[in-house]
Protein chains: 2
Amino acid sequence: MAKDIYHETVKIALEKDGWIITNDPLTLSVGRRDVFVDLAAEKLIVAIRKHKQIAVEVKSFINPSLVKDLENALGQYILYASLMKKQYPQRILYLAIREEIFVDFFTEEIVTTVLEFNPVKIIVFNAEKEEIIKWIE
Amino acid sequence: MAKDIYHETVKIALEKDGWIITNDPLTLSVGRRDVFVDLAAEKLIVAIRKHKQIAVEVKSFINPSLVKDLENALGQYILYASLMKKQYPQRILYLAIREEIFVDFFTEEIVTTVLEFNPVKIIVFNAEKEEIIKWIE
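Attention here is on the structure that accompanies the text.

Conventions used here
- Residues numbered from 1 in each chain as written.
- Chains lettered and ligands numbered in written order.
- Predicted model: local features only at pLDDT ≥ 70, side-chain atom pairs only at ≥ 80, totals over all residues.
- Least-squares fit on C-alpha atoms with pLDDT ≥ 70 in both.
- Contact = placed C-beta atoms within 7 Å.
- Pairing = 2+ DSSP bridges.
- Helix = DSSP H or I, 4+ residues; strand = E, 2+ residues; numbered from the N terminus.
- Axes fitted to C-alpha atoms, helices over the stretch in contact; angles between N-to-C directions.
- Buried ≥ 20, exposed ≤ 12 C-beta atoms within 10 Å, placed from the backbone.
- Nonpolar A, V, L, I, M, F, W, Y, C, P; charged D, E, K, R; others polar.
- Parallel < 35°, antiparallel > 145°, perpendicular 65-115°, else oblique.

### Digging into the relation of the copies chain A and chain B
Working step 1: Between the two copies, chain A and chain B, the superposition gives an RMSD of 0.0 Å; the rotation angle is 180 degrees and the shift along the axis is 0.0 Å. In the structure described here, the two chain copies are related by an operation that fits a two-fold rotation axis. Using C-alpha coordinates, one finds that chain A approaches the rotation axis most closely at Gly75 of chain A, a distance of 1.9 Å.
Working step 2: When the interface residues of chain A are mapped onto chain B, 100% of them again lie at the interface, so the same face is used by both copies.

### Section: the sheet that holds strand S8 (residues 131-136) of chain B
All names here are of chain B.
Working step 1: Across the sheet, which stays open at both edges, the six strands sit in the order S1-S4-S5-S6-S7-S8 with mixed pairing between neighbours. Sheet topology places strand S1 (20-23) and S8 at the edges, where each strand pairs with a single neighbour. The mean angle between the axes of side-by-side strands here comes to 35 degrees, regardless of whether they run parallel or antiparallel.
Working step 2: Summarising the sheet, strand S5 (residues 50-58) and strand S6 (residues 92-98) pair through five bridges and their orientation is parallel. Looking across to S6, one finds that Val58 is bridged to Ala96.

### Description of unusual backbone geometry
Most peptide bonds take the trans form, and the phi angle of most residues other than glycine is negative.
Residue and element names in this part refer to chain A.
Working step 1: Cis geometry is found at the peptide bond from Asp24 to Pro25, where omega equals 5 degrees.
Working step 2: Examined against the element boundaries, Pro25 turns out to sit in the loop between strand S1 (20-23) and strand S2 (26-30).
Working step 3: With phi around 55 degrees, Glu130 is a residue other than glycine that occupies positive phi space.
Working step 4: Inspection of the secondary structure puts Glu130 in the loop between strand S7 (122-126) and strand S8 (131-136).
Working step 5: Looking at Glu130, the number of C-beta atoms within 10 Å reads 17, which means it is partly exposed.

### So, the sheet that holds S8 of chain A
Residue and element names in this part refer to chain A.
Working step 1: Sheet architecture is open: six strands sit in the order S1-S4-S5-S6-S7-S8, paired in mixed fashion. Of all strands in the sheet, those bounded by a partner on one side alone are S1 and S8. Sheet twist, expressed as the average angle between the axes of neighbouring strands with direction ignored, equals 35 degrees.
Working step 2: Relative to strand S6 (residues 92-98), helix H2 (residues 66-87) is tilted by about 160 degrees, and along the sheet it contacts strand S5 (50-58) and S6.

### A look at the interface of chain A and chain B
Working step 1: Contact residues are listed per partner, giving 24 residues for chain A and 24 residues for chain B.
Working step 2: When contributions to the side of chain A that touches chain B are tallied by element, the ones reaching two or more residues are strand S3 (33-37), H2 and helix H4 (109-117) of chain A.
Working step 3: A per-element tally of the side of chain A that touches chain B places H2 of chain A first, with 13 residues.
Working step 4: For the side of chain A that touches chain B, the class distribution of residues is 11 nonpolar, seven polar and six charged.

### Digging into the packing of H2 of chain A against helix H4 (residues 109-117) of chain B
Working step 1: Two elements in contact, H2 of chain A and H4 of chain B, have axes whose closest approach is 9 Å; the angle formed by their N-to-C orientations is 95 degrees. In this view, H2 of chain A runs roughly perpendicular relative to H4 of chain B, as classed from their interaxial angle. Side by side, H2 of chain A and H4 of chain B meet where Ile78, Leu79, Ser82, Leu83, Lys85 and Lys86 of chain A of the first sit next to Thr113, Val114 and Phe117 of chain B of the second.
Working step 2: Grouping the amino acids of the contact of H2 of chain A with H4 of chain B by side-chain chemistry returns five nonpolar, two polar and two charged.

### Topic: the packing of H2 of chain A against helix H2 (residues 66-87) of chain B
Working step 1: At a minimum axis distance of 7 Å, the contact between H2 of chain A and H2 of chain B shows a crossing angle of 105 degrees. Considering the angle they form, H2 of chain A stands roughly perpendicular to H2 of chain B. Contact residues: H2 of chain A offers Leu70, Glu71, Asn72, Leu74, Gly75, Gln76, Ile78 and Leu79 of chain A, while H2 of chain B offers Leu70, Glu71, Asn72, Leu74, Gly75, Gln76, Ile78 and Leu79 of chain B.
Working step 2: The residue inventory of the contact of H2 of chain A with H2 of chain B, partitioned by class, reads eight nonpolar, six polar and two charged.

### Considerations on the environment of Lys16 of chain B
Residues and elements named next belong to chain B.
Working step 1: Along the chain, the position of Lys16 falls in helix H1 (residues 7-16).
Working step 2: When the 12 C-beta atoms within 10 Å are taken as the criterion, Lys16 is described as exposed.
Working step 3: When the C-alpha atoms of Lys16 and Glu130 are compared, they prove to be 8.4 Å apart, with 114 residues separating the residues in sequence.
Working step 4: Excluding residues within four positions of it along the chain, Lys16 makes contact with Glu130 and Glu131.

Fair warning: the whole summary comes from geometry, so function is off the table for now.
Next up, the structure:
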């Protein structure tokens, strides 16, 4: 499995944000198939005295066709989220995207329309600063 | 846009089933982006005295990784279905797959799990006979 070019960036950004990386990658096994989500992490959320558990799929959006990248990201997110509902029901899946993609592309109607009908949770990160900018629930 | 290798097969199968092909492809325009669904068709359904309108995305599942093909098919279906809700709310989107893929792969837990949480409408076709075998609503 080829790692996304921003895999390490997101890992560092999550760690800076207080997350402990628990799986790199997280394996989802179903029947005779294994699929791999980029990262899994957890963090003690003091306010609720609970360890919040997440899984993160990193998507670079560096292909010539942003629409093709969007389709690929959606397909992976929908598949992984469905498998996780059975195997890790307490764990929340996020799609990690760069700030530039969030600002320039995720504001376009093609993306806002699809997100209106398909709630995808998103982490926006700044690739240079290696920091998380925004969580979209 | 590269046509799927079974594009003509599905077109013939739909025509044999009494459908009139109205768009090849069907263009969905959103903001400054255009995306293209393989086919659109309509048929007079006598029982309800209405023209039923459909759009069909053909997926061959001929890549080495069936899981990657599944992700791609899901991503396209979710994107197109979302855009159609706004632009063609009366038109129903189907994913067209070969009988072999339906029997050998779509019965696997990885597919049944994702279809349990994401209702995808499916047309199953026989590629040799150029006929539609089954509609899954």
